[in-house]
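# Coordinates in review
Here is what each chain is made of, one letter per residue.
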Amino acid sequence: MTKRIAFQGEPGAYSHEACRNARPDMEALPCRTFEDVIESVRSGEADLAMLPVENTTYGRVADIHRLLPHSGLHIIDEAFVRVHINLLTVPGAKLEDIIEAHSHLVLLPQCAEFLKKHGIKGRVSPDNARAAREVSEQGDLHSAALASELASEIYGLNVMARHIEDRDNNTTRFLVMSRQADMSRRGEHGMITSFVFQVRNIPAALYKAMGGFATNGINMTKLESYMVDGSFTATQFYADIVGHPEDRNVKLAMEELEHFTTNVEILGVYPAAQPRG
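What counts and how
- Residues numbered from 1 in each chain as written.
- Predicted model: local features only at pLDDT ≥ 70, side-chain atom pairs only at ≥ 80, totals over all residues.
- Heavy atoms only, no water.
- Core = buried A, V, L, I, M, F, W, Y, C linked by side-chain atoms within 4.5 Å.
- Buried < 20%, exposed > 50% of the residue type's maximum accessible area, 1.4 Å probe, protein only.
- Contact = heavy atoms within 4.5 Å.
- Axes fitted to C-alpha atoms, helices over the stretch in contact; angles between N-to-C directions.
- Helix = DSSP H or I, 4+ residues; strand = E, 2+ residues; numbered from the N terminus.
- Parallel < 35°, antiparallel > 145°, perpendicular 65-115°, else oblique.
- Nonpolar A, V, L, I, M, F, W, Y, C, P; charged D, E, K, R; others polar.
- Salt bridge = Lys/Arg side-chain N within 4 Å of Asp/Glu carboxyl O.
- Disulfide = S-S within 2.5 Å.
- Patch = residues over 30% accessible without salt bridge, like charges linked within 9 Å, V, L, I, M, F, W, Y side chains within 5 Å.
- Areas by Shrake-Rupley, 256 points an atom, 1.4 Å probe, with all protein chains shown as cover.
- Pairing = 2+ DSSP bridges.

## Let's talk about the nonpolar core
In terms of nonpolar packing, the biggest core is built from 41 residues, with Met-50, Ile-85, Leu-87, Ala-132, Leu-146 and Ile-164 touching the most fellow members. Excluding residues within four positions of it along the chain, Met-50 makes contact with Ile-5, Ala-6, Phe-7, Ser-15, Ala-18, Cys-19, Ala-22, Val-37, Ala-79, Phe-174, Leu-175 and Val-176. By size, the runner-up hydrophobic cluster in this structure holds 25 residues, among which are Ala-6, Ala-46, Leu-73 and Val-196.

Given below as structure tokens:
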């Protein structure tokens, strides 16, 4: 039986591309929302979830950090997708024919120079893969979509222009999540431990909580805060560190962290997809 990996969006989305790159042997399962992705794994409909957590241009993905601690899932891997944007058209169209290009709101500004140069108007679509599907269905020689090359394959569109984004470093980081945790040491670039915590209501609690990581020489690659249940006084922190919970220095740092927190929850232990330096 073929295993399945769930993602949010329509076939051809960049999350779909992440699934294909990271788990090419698995069937990709499109879901309407992030909650649907998580539930599909919890229910057994899918084996893994592919969830975007941050983008180099737009920062963290809204709602993801709120969902992770309550998902019941464990991070077992990470993946990175370089977001290449392409101008996709129906067969037979020419570049000079294109009047408007459809895509998600966050993609349109990233192609502003290309669109301006060719006199093409940007049109907002709820999803870049959906834009590709609708352009294919409508068959309009004057409309195009801004989407992935994968979307062109799925919907039978031509790649009129490749990699038209204004910036050459737009990358999205994804987390691969499973019902079962995997604490084994693996990968070529070391291990990452992700966890969330809430600090105690005492002066300098966060400063003191972080002290153990500094004194034990642990590289903390991410620390983000977000409100809990919409309260300005209840703050939860999400952190990524380089290391495995069984490493002596990580054990010491986590023990010190517990002295200044009311809750610590490890979300996953997984191999780094690229070196952390």
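After presenting the structure, the write-up continues.
## A closer look at the packing of helix α7 (residues 205–215) against helix α8 (residues 248–259)
Working note: a packed helix pair is described by the angle between its axes plus the distance between those axes. The contact between α7 and α8 brings their axes to 7 Å, and the two run at 170°. Between α7 and α8, the crossing angle belongs to the class labelled roughly antiparallel. Of α8, the residues touching α7 (which contributes Lys-208, Ala-209, Met-210, Gly-211, Gly-212, Phe-213 and Thr-215) are Ala-253, Met-254, Glu-256 and Leu-257. Taken together, the residues of the contact of α7 with α8 sort by class into six nonpolar, three polar and two charged.

## Details of the pattern of salt bridges
Tallied over the entire structure, the rule returns 18 salt bridges. Note that Arg-173 is salt-bridged to Glu-78, the shortest N-O span being 2.9 Å. One end of the pair, Arg-173, is in strand β11 (residues 171–178); the other, Glu-78, is in strand β5 (residues 74–82), with 95 residues separating them in the sequence. For the pair formed by Arg-173 and Glu-78, the shared burial category is buried. For the salt bridge of Arg-173 with Asp-240, the shortest nitrogen-to-oxygen distance reads 3.0 Å. Here Asp-240 lies in strand β14 (residues 231–242) and Arg-173 lies in strand β11, a separation of 67 residues in the sequence. Residue Arg-173 shares its accessibility class with Asp-240, and that shared class is buried. Salt bridges sharing common partners tie together Glu-54, Arg-60, Glu-78, Arg-173, Lys-222, Glu-224 and Asp-240.

## Things to note about the state of the cysteines
On inspection of all chains with the given rule, the structure shows zero disulfides. No disulfide involves Cys-31; its sulfur sits 9.4 Å from the nearest other cysteine sulfur, which is in Cys-19. On the basis of relative accessible area, Cys-31 is assigned to the buried category, the value being 10%.

## Examining a nonpolar patch on the surface
The grouping of Tyr-58, Leu-105, Val-106 and Val-124 at the surface amounts to a nonpolar patch, some 380 Å² of accessible area in total. Given the relative accessible area of 33%, Val-106 is considered partly exposed.

## What about the sheet that holds strand β10 (residues 158–161)?
Taking strand neighbours across the sheet as the criterion, the five strands line up as β8-β7-β9-β6-β10 in an open arrangement whose pairing is mixed. A single partner strand is all that each edge strand has here, and the edge strands are β8 (121–124) and β10. When strand polarity is set aside, the average angle formed by the axes of neighbouring strands in this sheet is 40°. Of the strands in this sheet, β6 (86–89), β7 (100–103) and β9 (143–147) touch helix α5 (residues 128–138), which is tilted by about 150° from β9.

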